[in-house]
Amino acid sequence: MSDRLSGTRTGTPRVWWTLAVVTVLCALPFYLDAFWLRIGLFSMAAAIGAVGLGLLSGTAGQLSLGHAFFLAVGAYGYVWLAGEPGPGLPTGVAAVLAVLLAGAAGGLFSPVAGRVRGVYLGVATLALVFLGHHVLLTADSVTGGFNGRSVPPLEVGGFSFSTTPELTLLGVPFGAEERLWYLGLALFAVTWFTARGLLRGRPGRALVALRDSETAAAVMGVDVSRHRAAAFVVSSMYAGLAGVMLALSFRRVVPDYFGLVLSVDYLAMIVIGGLGSVAGATAGAVFVTALPLLMTRYADHLPLVAAPGTTGGTVGPTEAARYLYGAAIVLILLFAPDGLHGLARRLRARPGRRRTSPPPAPDPSATATPEPAAPAKEPTP
């Protein structure tokens, strides 16, 4: 009975905190300008992709440097399926098919992922990035070549996530950023709960066992090749969803964005946030995504950082941001190998450790004064 009551006490504050965070996130479009909303949109899209890579690299233990390829499949798949030239499908259907297309691309590569591991898998996925970038530049009829293609706005049930038609709520004009904000929140919520459910279920335990020891996992009945391939497909679908969200946020896709640098950025996200953690991948995605944008806006107020478009001996905001989160990776690996999520967990647990427990109640039997022993009876003469 006491365990049940204690579980209720610990669960109730968490529910209230969750409701408070959701309420604040839903109210932000009424108070923030377009710049901060764009940062939020890019961060939510990056978090979706980082959660997928965290499942693959952090939980399943498979190194992947080709995450940018699957983001490109999702982004360009949506643009081609919903645009002209292309089938011109309804945008909602095109978004779903783009995610499935990214999963199919991961399925085609899954036999390699099921048999190769470690650095060799990283090199194999690295080839996907170079191959995909070459295809994006040469397939002009599908991708638009070097200049890319504009992104058709998403429409679901007659509601358009664009600036038209005009929409005003509580006196606040709702443009594309405000509308996409709620779409991003919904997609991120789906990503969050599905990923956590996957990690807490039997597939998640199988992937963790596979990461720790393939031999032990095989002895316990885990199909090693099938689970490794399945992890790659699921991660590719998350990346495809992130690619669709990025395309809608950017409103134009170009091949140079989906290069090796983007894959390295996603690796930095999961390392900084914490491998194998959904919350950690989210925190790392926000950090890596927001830092260069903030440094670009406030470059005039930062030392040794040049404003965009200027020349001199200083570094640009994007390069400075990469230096900073590169240093963050080094510090994380040295002092907090489990990332920001593990660091936050230890900080939460520290006050509980300092809390002194009350002394145990004295035992009456131990504190009672012992009675004097009776004198030995003299023998009867």
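Residues numbered from 1 in each chain as written. Predicted model: local features only at pLDDT ≥ 70, side-chain atom pairs only at ≥ 80, totals over all residues. Heavy atoms only, no water.

### Structural notes on the overall build of the protein chain
Reasoning step 1: Of regular secondary structure, the protein chain possesses 15 helices and six strands.
Reasoning step 2: Classification of the 381 residues of the protein chain by burial places 42% in the buried group.
Reasoning step 3: Of the contacts formed within the protein chain by residues at least 6 apart in sequence, a portion of 72% connects residues at least 24 apart.
Reasoning step 4: Total accessible area on the protein chain is roughly 21,200 Å²; 67% of this is exposed by carbon and sulfur atoms. (Helix = DSSP H or I, 4+ residues; strand = E, 2+ residues; numbered from the N terminus. Buried < 20%, exposed > 50% of the residue type's maximum accessible area, 1.4 Å probe, protein only. Contact = heavy atoms within 4.5 Å. Areas by Shrake-Rupley, 256 points an atom, 1.4 Å probe, with all protein chains shown as cover.)

### Some thoughts on the nonpolar core
Reasoning step 1: Grouped together as the largest cluster of nonpolar side chains are 80 residues, with contacts concentrated most on Leu71, Tyr78, Leu248, Val253, Phe258 and Tyr266.
Reasoning step 2: Element by element, the count of residues in this core is highest for helix H2 (residues 34-59), at 13 residues.
Reasoning step 3: The residues touching Leu248, leaving out its near neighbours within four places in the chain, are Tyr78, Val151, Pro152, Leu154, Leu180 and Leu183.
Reasoning step 4: The next biggest cluster of nonpolar side chains, apart from the first, holds six residues, and it includes Met295, Ala299, Val305 and Ala321. (Core = buried A, V, L, I, M, F, W, Y, C linked by side-chain atoms within 4.5 Å.)

### Some details on the pattern of salt bridges
Reasoning step 1: Scanning the entire structure with this criterion turns up nine salt bridges.
Reasoning step 2: With its nearest N and O atoms 2.9 Å apart, the salt bridge here joins Glu214 to Arg228. You can see Glu214 sitting in helix H9 (residues 214-219) and its partner Arg228 sitting in helix H10 (residues 224-250), a full 14 residues away along the chain.
Reasoning step 3: By relative accessible area, Glu214 is classed as partly exposed at 23%. (Salt bridge = Lys/Arg side-chain N within 4 Å of Asp/Glu carboxyl O.)

### Examining the packing of aromatic side chains
Reasoning step 1: Counting across every chain of the model gives twelve aromatic pairs.
Reasoning step 2: Between Phe109 and Phe232, the aromatic rings sit 5.2 Å apart at their centres with planes inclined by 35°, giving tilted as the arrangement. Of this pair, Phe109 sits in helix H4 (residues 91-115) while Phe232 sits in helix H10, and the two are 123 residues apart along the sequence. Phe232 matches Phe109 in its accessibility class, with the two residues each being buried.
Reasoning step 3: Centroid distance Phe174 to Tyr182: 6.2 Å. Interplanar angle 5°. Geometry classified as stacked. (Phe/Tyr/Trp six-rings, centres within 6.5 Å; stacked < 30°, edge-to-face > 60°.)

### A word on the confidence of the model for the protein chain
Reasoning step 1: Confidence in the prediction of the protein chain, expressed as mean pLDDT, is 84, and 88% of residues score 70 or more.
Reasoning step 2: Mean pLDDT per element in the protein chain: helix H15 (residues 364-367) is the minimum at 49, and helix H3 (residues 67-82) is the maximum at 95.
Reasoning step 3: Between residues 366-371, whose pLDDT stays under 50, and residues either more than four places distant or in other chains, the model counts one contact. (pLDDT = per-residue confidence, 0-100.)

### So, a nonpolar patch on the surface
Reasoning step 1: A grouping of Val93, Val96, Leu97 and Leu100 is seen on the molecular surface, where their side chains present a nonpolar patch of about 330 Å² in accessible area.
Reasoning step 2: With respect to the helices and strands, the residue Val96 is situated in helix H4. (Patch = residues over 30% accessible without salt bridge, like charges linked within 9 Å, V, L, I, M, F, W, Y side chains within 5 Å.)

### Digging into the packing of helix H11 (residues 260-273) against helix H13 (residues 317-335)
When two helices pack together, their arrangement is captured by the angle between the axes and the distance separating the axes.
Reasoning step 1: At a minimum axis separation of 10 Å, H11 and H13 run at an interaxial angle of 40°. Classed by the angle they form, the pair H11 and H13 counts as oblique. Every pair of crossing elements has a handedness; the one defined by H11 and H13 is left-handed. For the pair formed by H11 and H13, the contact residues are Val261, Asp265, Ala268, Val271 and Ile272 on the first element and Arg322, Tyr325, Ala328, Ile329, Ile332 and Leu333 on the second.
Reasoning step 2: Across the contact of H11 with H13, the residue classes tally to nine nonpolar, no polar and two charged. (Axes fitted to C-alpha atoms, helices over the stretch in contact; angles between N-to-C directions. Parallel < 35°, antiparallel > 145°, perpendicular 65-115°, else oblique. Left-handed = near helix turned anticlockwise from the far one by under 90°. Nonpolar A, V, L, I, M, F, W, Y, C, P; charged D, E, K, R; others polar.)

### Considering the environment of Val123
Reasoning step 1: Summarising the element assignment, Val123 is placed in helix H5 (residues 119-138).
Reasoning step 2: Classification of Val123 as exposed rests on a relative accessible area of 52%.
Reasoning step 3: With 57 residues separating them in the primary sequence, Val123 and Gly66 have C-alpha atoms 8.9 Å apart.

### Notes on the environment of Leu324
Reasoning step 1: Along the chain, the position of Leu324 falls in helix H13.
Reasoning step 2: Separated by 32 residues in the primary sequence, Leu324 and Pro292 have C-alpha atoms spaced 9.6 Å apart.
Reasoning step 3: When residues no more than four places from it in sequence are discounted, the contact partners of Leu324 are Leu291 and Met295.

### Thoughts on unusual backbone geometry
Reasoning step 1: Residue Pro85 is bonded to the preceding Glu84 through a cis peptide linkage, with omega at 0°.
Reasoning step 2: Turning to its location among the elements, Pro85 is positioned in the loop between H3 and H4.
Reasoning step 3: If you check the backbone angles, Arg251 has positive phi at about 70° while not being a glycine.
Reasoning step 4: For Arg251, the position within the fold is in the loop between H10 and strand S6 (252-253).

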